[in-house]
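Coordinates in review
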Amino acid sequence: MAALLRRRTGLTAYILVMGSTGTGKSTFINLASGSDLRVGTGLHSQTATVELSRSFKHKSQRIIMVDTPGFDDTVKSDADVLTTIATYLERLYRKGIRIRGIIYLHRITDNRMGGTALRNLRMFEAICGEPAMASTVVVLNMWDQVQPGVAEARETELRKSDIFFKPTVNAGAQMKPHWGNQDSAAAILDYLVARRPVVLKIQHEMADEHKAIHTTSAGLVLLGDLAAKELKHAEELRRIREERAEARSRKDADEEGGLEDSEKSVEALRRKLAEEQQRLLEATNQASDNHGGFHRKLIMFLRRRLQLGH
Ligand SMILES: Nc1nc2c(ncn2[C@@H]2O[C@H](COP(=O)(O)OP(=O)(O)O)[C@@H](O)[C@H]2O)c(=O)[nH]1
Ligand SMILES: [Mg+2]
């Protein structure tokens with residue numbers, strides 16, 4: 001039985017699907033696999049956990065697609081999303097199951113790489129690592145939502161620009177359009193199932209190098225991102241406090257009251273950020289002592305600051 005199971009899972013191609021929330025991951029998976037994963041635009045439609053498609057056959061290849069939550073900092077914090085994805089991928093690797101191909105979805109309608117799109121791309125790169133790009137397709141969809149001429153110019157920009165997909169494509173990823181129909185989904189699967197199975201960077205870091213989540217490349221990208229947000233909040237808080245002191249000296253109670261509310265909401269954001277960092281630190285599977293000096297110092301610094309903040 002075990003041998004049969006091993007043979008069967010060995011034959012199944014696991015396709016990992018990543019991208020920001022709302023880029024059409026679940027829709028693509030449903031179309032390709034005949035599954036019934038939740039789709040939508042509201043908060044309720046967001047995938048907060050890793051979900052699997054039903055096991056299906058594409059030509060003679062059995063496939064399971066792995067749907068992942070995006071890094072959007074809404075329903076779940078980014079730290080929780082990373083922990084969810086990393087833990088799932090590590091477990092898969094320990095079971096001996098390898099990822100055959102990766103789909104990174106991006107809407108052609110996104111004319112600017114805003115904060116969320118960029119954060120998702122950086123997290124995707126850090127989780128998967130450069131060697132996995134040879135087994136990756138960057139899928140551009142939602143072509144029906146933009147004018148043809150505009151869409152083509154945008155595709156060129158996405159492909160050629162350093163902050164978009166140029167490094168991804170240079171590392172071996174394909175960039176393919178998806179027209180929202182079965183044929184284009186099938187063409188993408190055709191390409192991916194012919195790839196060699198890969199070990200993702202985060203799987204190697206966690207399972208082979210015994211790194212804690214926050215010291216993996218993806219964990220460090222996230223901590224850097226949280227630190228940048230924190231700096232922004234600190235600056236905002238300083239400005240509000242200055243204005244509040246000024247309002248007080250002018251005896252403008254109305255304005256002071258309004259600024260007090262702003263101060264409270266920025267402080268609440270800072271607390272949320274501190275908690276998120278704390279959770280990432282707690283999601284460790286190893287003591288941090290066996291890591292390099294830089295990591296150790298970073299963690300000590302964060303811990304000290306969290307203690308001060310509470
Ligand atoms: N026009 C168009 N809309 C799409 C396409 N794929 C998904 N959508 C819509 O985009 C929204 C988000 O899709 P969903 O699959 O839930 O995205 P996810 O959050 O990445 O799983 C839904 O309203 C879908 O109907 C597509 O290829 N073309
Ligand atoms: Mg989804």
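Fair warning: this is a prediction, and the values are worked out from it, not measured in the lab.

Overview of the overall build of the chain
Scanning the chain for helices and strands turns up 11 helices and seven strands. Among the 310 residues that make up the chain, the fraction classed as buried is 33%.

Notes on the pairing of strand S5 (residues 99–107)
Burial analysis of S5 places nine of its nine residues in the buried class, the great majority of the element. When strand S1 (residues 13–18) meets S5, the two strands line up parallel, connected through five bridges. Note on S5: the bridge partner recorded for Ile15 is Gly101. In terms of strand pairing, S5 meets strand S6 (residues 136–141) through six bridges, oriented parallel. In the sheet register, Arg107 faces S6, and the bridge partner there is Asn141.

Some remarks on the site of ligand 1
Lining the immediate surroundings of ligand 1 are 18 residues, of which Gly24, Lys25, Ser26, Thr27 and Gly180 lie closest. Top element by residues in the shell around ligand 1 is helix H2 (residues 25–33). It accounts for three residues. Along the lines of polarity and charge, the residues of the shell around ligand 1 split into two nonpolar, 14 polar and two charged.

With respect to the nonpolar core
Core analysis: the largest hydrophobic core is formed by 57 residues, its most contacted members being Ile15, Val17 and Ile103. The element contributing the most residues to this core is helix H3 (residues 78–94), with seven residues. When we break this core down by domain, the ones giving at least three residues each are domain 1 (2–207) and domain 2 (211–309). Leaving out residues up to four positions away in the same chain, Ile15 has contacts with Ile63, Met65, Val66, Arg100, Gly101, Ile103 and Leu192.

Things to note about H2
H2 sits mainly inside the fold: seven of its nine residues count as buried. Taken residue by residue, H2 has Lys25, Ser26, Phe28, Ile29, Asn30, Ala32 and Ser33 as its buried positions. Contacts from the buried residues of H2 go to S1, strand S3 (56–58), strand S4 (61–67), S5 and helix H7 (182–193). Residue Gly34 follows H2 closely and has a positive phi angle near 75 degrees.

Brief notes about H3
If you check H3, its first and last C-alpha atoms are 24 Å apart, about what 17 residues at 1.5 Å a residue would give, namely 24 Å. Those residues of H3 that sit buried are Asp78, Ala79, Val81, Leu82, Ile85, Ala86, Leu89 and Leu92. The buried residues of H3 occupy an angular sector of 165 degrees when projected down its axis, which confines them to one face. Phi turns positive one or two residues past the end of H3, at Gly96, with a value near 90 degrees.

Some words on the packing of H3 against helix H9 (residues 217–249)
Packed helices, taken two at a time, are described by the angle between their axes plus the distance between the axes. Between H3 and H9, the least distance of the axes is 11 Å, while the angle of their chain directions is 175 degrees. When the axes of H3 and H9 are compared, the pair comes out roughly antiparallel. Contacts between H3 and H9 involve Asp78, Ala79, Leu82 and Ala86 from the first element and Ala218, Gly219 and Leu222 from the second. In the contact of H3 with H9, the residues fall into five nonpolar, one polar and one charged.

Re the confidence of the model for the chain
Averaged over all residues, the pLDDT of the chain is 87; the fraction at 70 or higher stands at 85%. Summarising per-element confidence for the chain, the mean pLDDT is lowest in helix H1 (residues 2–11) (56) and highest in S1 (98). Taken together, the stretch residues 285–291 has pLDDT below 50 and engages in 11 contacts with residues farther than four places along the chain or on a different chain.

What about the packing of H2 against H7?
Where H2 contacts H7, the two axes come as close as 9 Å, and the packing angle between them is 90 degrees. Classified by the angle their axes make, H2 and H7 are roughly perpendicular. Of the residues in H7, those touching H2 at Phe28, Leu31 and Ala32 are Gln182, Ala185 and Leu189. Among the residues making up the contact of H2 with H7, the classes are represented as five nonpolar, one polar and no charged.

Reading guide: rules and limits
- Residues numbered from 1 in each chain as written.
- Chains lettered and ligands numbered in written order.
- Predicted model: local features only at pLDDT ≥ 70, side-chain atom pairs only at ≥ 80, totals over all residues.
- Helix = DSSP H or I, 4+ residues; strand = E, 2+ residues; numbered from the N terminus.
- Buried ≥ 20, exposed ≤ 12 C-beta atoms within 10 Å, placed from the backbone.
- Pairing = 2+ DSSP bridges.
- Near = placed C-beta within 6 Å.
- Nonpolar A, V, L, I, M, F, W, Y, C, P; charged D, E, K, R; others polar.
- Core = buried A, V, L, I, M, F, W, Y, C linked by C-beta atoms within 7 Å.
- Domains from an automatic or database assignment.
- Contact = placed C-beta atoms within 7 Å.
- Expected span 1.5 Å × (residues − 1).
- Arc of directions from axis to C-beta.
- Axes fitted to C-alpha atoms, helices over the stretch in contact; angles between N-to-C directions.
- Parallel < 35°, antiparallel > 145°, perpendicular 65-115°, else oblique.
- pLDDT = per-residue confidence, 0-100.

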